[in-house]
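Coordinate inspection notes
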There are 2 protein chains.
Amino acid sequence: MSASLASEKCQVCRPDSPTVTPDEARGLLADLPGWEIVVRDGMDQLSGDFEFANFAEALAFTNRVGALAEEADHHPAITTEWGRVNVRWWTHSIGGLHRNDFIMAARASSAA
Amino acid sequence: MSASLASEKCQVCRPDSPTVTPDEARGLLADLPGWEIVVRDGMDQLSGDFEFANFAEALAFTNRVGALAEEADHHPAITTEWGRVNVRWWTHSIGGLHRNDFIMAARASSAA
């Protein structure tokens with residue numbers, strides 16, 4: 001996981017902001033082990049799975065990711081189960097992936 | 001939502017405990033407005049969607065459901081998004097739905 005990516009600032013995102021290109025996505029993913037791009041509801045999303053010893057630790061991570069999301073005002077879908085959390089980032093206003101999503105993924109990995 | 005269902009005790013569940021019959025499921029669902037049975041990973045799951053004003057309120061509900069789950073030692077999958085939470089209950093040890101799942105769904109509705 002890239003500490004420098006995690007420390008980048010998220011940019012204000014507008015409907016005409018560009019989605020990342022496939023080449024950019026490949027380069028950014030190389031810095032984000034364990035993350036992959038999935039298609040869901042017709043949109044590219046950045047998905048990461050995290051394992052924990054029990055439900056309480058999984059939920060604690062969910063809350064840490066939630067705090068990061070509130071801080072950046074950029075919010076993922078977080079699925080919390082016993083011993084497992086899945087986090088998915090995408091940028092609704094552009095219908096796909098912005099560099100911000102990769103920055104947030106790096107921050108989530110730092111919080112795991 | 002049935003207050004009496006929410007106040008039932010969960011039973012200890014063993015691999016040979018019976019799944020609910022389709023008739024039982026229909027009767028229990030009648031007491032659980034907004035919940036539906038979905039098939040996921042090849043198993044029946046009881047799924048409910050809840051709406052909130054923002055991310056923080058959604059995450060607060062996730063934590064309330066998490067507390068109910070820990071108390072009963074029966075854990076759902078909870079997907080938290082901005083303004084929305086999906087909760088899915090099923091009983092892993094029997095590969096489907098037990099009466100416990102309907103009890104937990106009623107408790108989650110009470111916590112919304």
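Before going into details, it helps to say that this report is about the structure given with it. Only a predicted model underlies this, so the values are computations on that prediction, with no experimental measurement involved. (Residues numbered from 1 in each chain as written. Chains lettered and ligands numbered in written order. Predicted model: local features only at pLDDT ≥ 70, side-chain atom pairs only at ≥ 80, totals over all residues. Heavy atoms only, no water.)

What follows concerns the interface of chain A and chain B. On the side of chain B, 18 residues touch chain A, which itself brings 18 residues to the contact. Between chain A and chain B, the buried area comes to about 1,400 Å², and carbon and sulfur atoms account for 60% of it. At the boundary of chain A and chain B, one finds 0 salt bridges. On inspection of chain A and its partner chain B, the count reaches 4 residue pairs in polar contact (both at pLDDT 80 or more). Residue assignment for the side of chain A that touches chain B shows that the elements contributing at least two residues are helix 3 (55-72) and strand 3 (77-81) of chain A. Among the elements that line the side of chain A that touches chain B, the one with the most residues is helix 3 of chain A, at 7 residues. A per-class count over the side of chain A that touches chain B returns 8 nonpolar, 6 polar and 4 charged. Pairing between strand 3 of chain A and strand 3 (residues 77-81) of chain B: 3 bridges, direction antiparallel. Each bridged residue has a counterpart across the sheet, and for Ile 78 of chain A the counterpart in strand 3 of chain B is Thr 80 of chain B. (Contact = heavy atoms within 4.5 Å. Buried area = accessible area lost by both parts, 1.4 Å probe. Salt bridge = Lys/Arg side-chain N within 4 Å of Asp/Glu carboxyl O. Polar contact = N/O pair within 3.5 Å; in protein donor to acceptor, adjacent residues only side chain to side chain. Helix = DSSP H or I, 4+ residues; strand = E, 2+ residues; numbered from the N terminus. Nonpolar A, V, L, I, M, F, W, Y, C, P; charged D, E, K, R; others polar. Pairing = 2+ DSSP bridges.)

Residues and elements named next belong to chain A. Under the criterion given, the structure shown has 6 aromatic pairs over all chains. Residues Trp 35 and Phe 50 carry aromatic rings whose centres are separated by 5.7 Å and whose planes lie at 70 degrees to one another, so their mutual orientation is edge-to-face. You can see Trp 35 sitting in strand 1 (residues 35-40) and its partner Phe 50 sitting in strand 2 (residues 43-51), a full 15 residues away along the chain. According to the relative accessible area criterion, Trp 35 is buried, its value standing at 7%. With relative accessibility at 11%, the residue Phe 50 sits in the buried group. Among the aromatic residues, those joined into a cluster by ring pairs are Trp 35, Phe 50, Phe 52 and Phe 61. (Phe/Tyr/Trp six-rings, centres within 6.5 Å; stacked < 30°, edge-to-face > 60°. Buried < 20%, exposed > 50% of the residue type's maximum accessible area, 1.4 Å probe, protein only.)

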